[in-house]
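Commentary on secondary and tertiary structure
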Amino acid sequence: MRAIATYSIKGGVGKTTTAVNLAYEASRGGARVLVWDLDPQGAATYLLRVRPKVRGGSRRLVSKQGELEGHIRGSDLSAVNVVPSDFSLRHLDLHLEATKRPESRLSSLLDPVADDYDLAVLDCPPSISLASESVFGAADALLVPVVPATLAGRTLTQLADFLDDQVEGPQVLPVLSMVDRRRKLHRELADDLAKEWPELLETSVPSAAVVERMGVERAPVGRFAPRTAAAAAYRELWQELVGHLWPPDEP
Amino acid sequence: MPTSFTLSDVTAEQVIDALVAAGFEVDSPLKVTRTVLDTFDGRLHEAGQQLALVEGRARELVLLGEPGTPPAHLGWVGDPPRLEGDLPPGPFGARVRRAIEERALLPVFEVAATVHEARRRDRRGKPVVSATVYEDISSATAGEAALPALVVEVVEAAGHERDDERTVARLARLEGHQHDGGFVETVAHAAGCSLEGHSRTPTVPLSAADDALDAFRAVLRNLLTTMLDNLPGTIADVDPEFLHDFRVAIRRTRSVVKEGKRVLPTDVREKFAAGFADLGGATGPARDLDVYVLGWADTLALIDVEVSTETAPVLAALEARRHSAHVAMCQVLESATTRQLLTDWQGWLEGVDGVSPHPGAVGPEVAKRIASAQETLLTHGRLITEESPPESLHDLRKDAKKLRYLLECFGSLLAPKARGAFVSQLKDLQDNLGEHQDREVQLSELRQLAHDLHEETRVDADMLLSVGRLIDALDRRRRQVREEFAERFAGYDTKKNRRALRALLAPIARP
């Protein structure tokens, strides 16, 4: 199983929509996907029509006796299962701190289900905290949605600086999100980011009303508007990630 | 885990009515064909997976894993995938590739039906349990076998086991037969079709007190079955493992026939030993070239060169030789001589003719043969020095194989754990001897190829230089393997190992 985390220090950049749409496209591309909603707001849980309930709360989940399997729920999508979120996750940092090795706790919770899924998508809250460090320990890659704004590069630099101190950090894969190609500023900022960050993925996700409709439809874009540019972008994003996560000579 | 019901006293409409009454939504009926794909030896099945090409509302590959794990779906266009290279990059292809390796995917079971898909949703609109009703079931694979009239398959969403239990209880009231497993397993079972693939094991169930002639016949019959199973795939060149398994069955047969000198009638041994020696010889060049072509990327890795345009003509030349060798081999395999050999052998094995020169129980006889094979291996191995010619290692490799085949073919007589531990030690030695031999064969083939290519005017200098570098690298590796031999043999020829074999044989030496 490969694990990616949709992560950003900033909020409102499209982490959850990226996580849910990516999970859907991955499932259509032949992957068995586990979405782990780590954000106490539970937006991914809501979009995938799962009851927002962590049985026993996040304290029990990350405790020594905790295990992930009993928390997994089916979703509205055939090959996508979910570990739902609830409000108890707002104390995840505290509960992780009480464990012996907090930075590897999420990874050790994922290990027993690693053979059952091809891809784990960790949808993270916007912060940099102990929970984030545990996410970095579990993820093979951080998928970082970046909106074309003047401070976007700075946010990425902060993250990269933080990860430089980690011995074996995940690869950082920034992806442009909410891009409006009609706006000159967006085009210029996107070009600048690509120059500064060679890791920037080629796919960019457009700013689109159809993405906002996800909350109404409670479904990924590809499910209710498969012919839109946004749906095509998420499909391309999945294809690009396949190249990073499953290189041809490493089955 | 899916649960299935076969129902004979109710109609599909009645089942659907029951489901609707239980709050299920039901889709309009659809004709669906499901073709299960697996390797000849059932590698996906062994790995706990089931791959099927499903043609219904969409055309897709569906890969089922262990019970409780979600199914993987991949839209598919064109012919079903056959070889690992036909599968796309990504997790789906990676899972299948890991299981099948170099083997071809073949259709092993096909079933068609009219399908009614139904599901019950919770108040969030999420399906929590699905029930699929199959009627008008037919199967081209099943032939004339009687198939169930109606099958219902129930699968729960993860975390919703109670919903599943309620549905199963409701369907159980319709008085059908309940089965653990999905629709395909249920129909295949009813049709008497196995999804397990053809067995490759040389081991047959035996007891130490069994009559030796009967036991040898049972072992040889099993090996003949393997040969006959793999012959069509070898001739059709479906994948290289058919020829591999065909040849291994021949070698095992030759070895058992030779070791059966006190058991099998002399005239039978002499006749068939010669026949199978010829058959083994006729299949050797094709297999050597299979190994060469399959291992080409690994061979190039020895000189840090990727499969490239520079070396592509060499690979093309090897492939051409491989093709010629296969054509020549097929002429032998399809000849009247081979047909006669196999028919006569089958006739003798299935008959009751023949008297053993030394009638007795199989246990003591096999114990003697294994002890003797071990003694020969140790004696010959101890005589090998740094100056010994490569042929001495080749001969020792044959000695090791002889011992290994006896341990495998008559393996059911021996304690499994202790046998496994001993075979693992032996395998370590065989790996060294096997690689040495492979490198010898590759060097000889490549040297000949370089001469042949040189005579062709179109060959450029870069390519010949690459071949030269390859020969150097292969020879370096061969020498390295040769140097490692002494250590490997010493690791095998230990007091502990010798004692382990004696302990393994003791219970069958005097049954």
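Residues numbered from 1 in each chain as written. Chains lettered and ligands numbered in written order. Predicted model: local features only at pLDDT ≥ 70, side-chain atom pairs only at ≥ 80, totals over all residues. Heavy atoms only, no water.

Another aspect to go through is the overall build of chain A. What chain A contains, in helices and strands, is 12 helices and eight strands. Rg of the C-alpha trace for chain A: 17 Å, near the compact-globule value of 18 Å for 251 residues, within the 12% margin. Counting only C-alpha atoms, chain A reaches 55 × 40 × 40 Å along its principal axes. A total of 251 residues make up chain A; the buried ones form 58% of that total. About 11,200 Å² of surface is accessible on chain A, with carbon and sulfur atoms providing 48% of the total. Charged side chains of chain A number 29 positive and 34 negative; the gap between the two group centres comes to 8 Å. (Helix = DSSP H or I, 4+ residues; strand = E, 2+ residues; numbered from the N terminus. Rg over C-alpha atoms; globule rule 2.2 N^0.38 Å. Buried < 20%, exposed > 50% of the residue type's maximum accessible area, 1.4 Å probe, protein only. Areas by Shrake-Rupley, 256 points an atom, 1.4 Å probe, with all protein chains shown as cover. Lys, Arg positive; Asp, Glu negative; His and termini not counted. Charge placed at Lys NZ, Arg CZ, Asp CG, Glu CD.)

With respect to the helices and strands, Leu 151 of chain A occurs in the loop between strand E6 (141-146) and helix H7 (152-164). Leu 151 of chain A sits 38 residues away from Leu 189 of chain A along the chain, and the two C-alpha atoms are 10.0 Å apart.

Residues and elements named next belong to chain B. Scanning the model with the defined rule gives 37 salt bridges over all chains in all. Residues Arg 103 and Asp 245 are paired through a salt bridge, measuring 3.8 Å at the closest nitrogen-oxygen approach. Residue Arg 103 is found in the loop between helix H3 (91-100) and strand E7 (106-121), and its partner Asp 245 is found in helix H7 (residues 240-259); the two are separated by 142 residues along the sequence. Side by side, Arg 103 and Asp 245 carry an identical accessibility label, which is buried. In this structure, Arg 262 engages Glu 365 in a salt bridge whose closest nitrogen and oxygen atoms are separated by 3.0 Å. (Salt bridge = Lys/Arg side-chain N within 4 Å of Asp/Glu carboxyl O.)

Bringing helix H6 (residues 212-236) of chain B into the picture now. Residue and element names in this part refer to chain B. Look at H6: 37 Å from first C-alpha to last across 25 residues, which is about the 36 Å you get at 1.5 Å a residue. By the largest-angle criterion, Asn 230 marks the main kink of H6, which is about 35°, and a proline, Pro 232, follows within four residues. Positive phi shows up at Asp 237, right after H6, with a value of about 55°. (Expected span 1.5 Å × (residues − 1). Bend = angle between axes of the 7 residues up to and from the residue.)

Quick look at the pairing of strand E1 (residues 2-6) of chain A now. Residue and element names in this part refer to chain A. Within E1, five of the five residues are buried, leaving the element largely enclosed by the surrounding structure. With burial as the criterion, each face of E1 is covered, one bearing Arg 2, Ile 4 and Thr 6 and the other bearing Ala 3 and Ala 5. Note: E1 against strand E5 (residues 119-123), five bridges, orientation parallel. Directly across from Arg 2, in E5, lies its bridge partner Leu 119. Note that E1 and E6 share three bridges and pair parallel. Along E6, the bridge assignment pairs Ile 4 with Ala 141. (Pairing = 2+ DSSP bridges.)

Chain A puts 27 residues into the contact, and the matching count from chain B is 23 residues. On the surface where chain A and chain B come into contact, there are two salt bridges. Residue Asp 118 of chain A is joined to Arg 95 of chain B by a salt bridge in which the shortest nitrogen-to-oxygen separation is 4.0 Å. If you look at where chain A meets chain B, you find six residue pairs in polar contact (both at pLDDT 80 or more). If you list the elements that add at least two residues to the side of chain A that touches chain B, you get helix H1 (15-28), strand E3 (73-74) and helix H12 (229-245) of chain A. Tallied by class, the residues present in the side of chain A that touches chain B amount to 11 nonpolar, seven polar and nine charged. (Contact = heavy atoms within 4.5 Å. Polar contact = N/O pair within 3.5 Å; in protein donor to acceptor, adjacent residues only side chain to side chain. Nonpolar A, V, L, I, M, F, W, Y, C, P; charged D, E, K, R; others polar.)

This part takes up the nonpolar core. Residues and elements named next belong to chain B. Residues Phe 276, Trp 345, Ile 370, Leu 403, Leu 407, Phe 410 and Leu 446 are the most contacted members of the largest nonpolar core, which totals 85 residues. In terms of residues, this core owes the most to one element, H6, which gives 11 residues. Those residues within four positions of Phe 410 in sequence are excluded, and the remaining contacts are Leu 206, Phe 216, Val 219, Val 256, Val 362, Val 366 and Tyr 405. (Core = buried A, V, L, I, M, F, W, Y, C linked by side-chain atoms within 4.5 Å.)

In a pair of packed helices, the angle between the axes and the distance between the axes together describe the arrangement. All names here are of chain B. Their axes nearest at 9 Å, the elements helix H13 (residues 390-409) and helix H14 (residues 416-455) cross at an angle of 145°. Note that H13 runs across H14; the crossing there is left-handed. Within the contact between the two elements, H13 uses Pro 390, Leu 393, His 394, Leu 396, Arg 397, Ala 400, Lys 401, Leu 403, Arg 404, Leu 407 and Glu 408 and H14 uses Arg 419, Phe 422, Val 423, Leu 426, Lys 427, Gln 430, Leu 433, Gly 434, His 436, Gln 437 and Glu 440. Each residue belonging to the contact of H13 with H14 can be placed in one class, and the counts come to 10 nonpolar, five polar and seven charged. (Axes fitted to C-alpha atoms, helices over the stretch in contact; angles between N-to-C directions. Left-handed = near helix turned anticlockwise from the far one by under 90°.)

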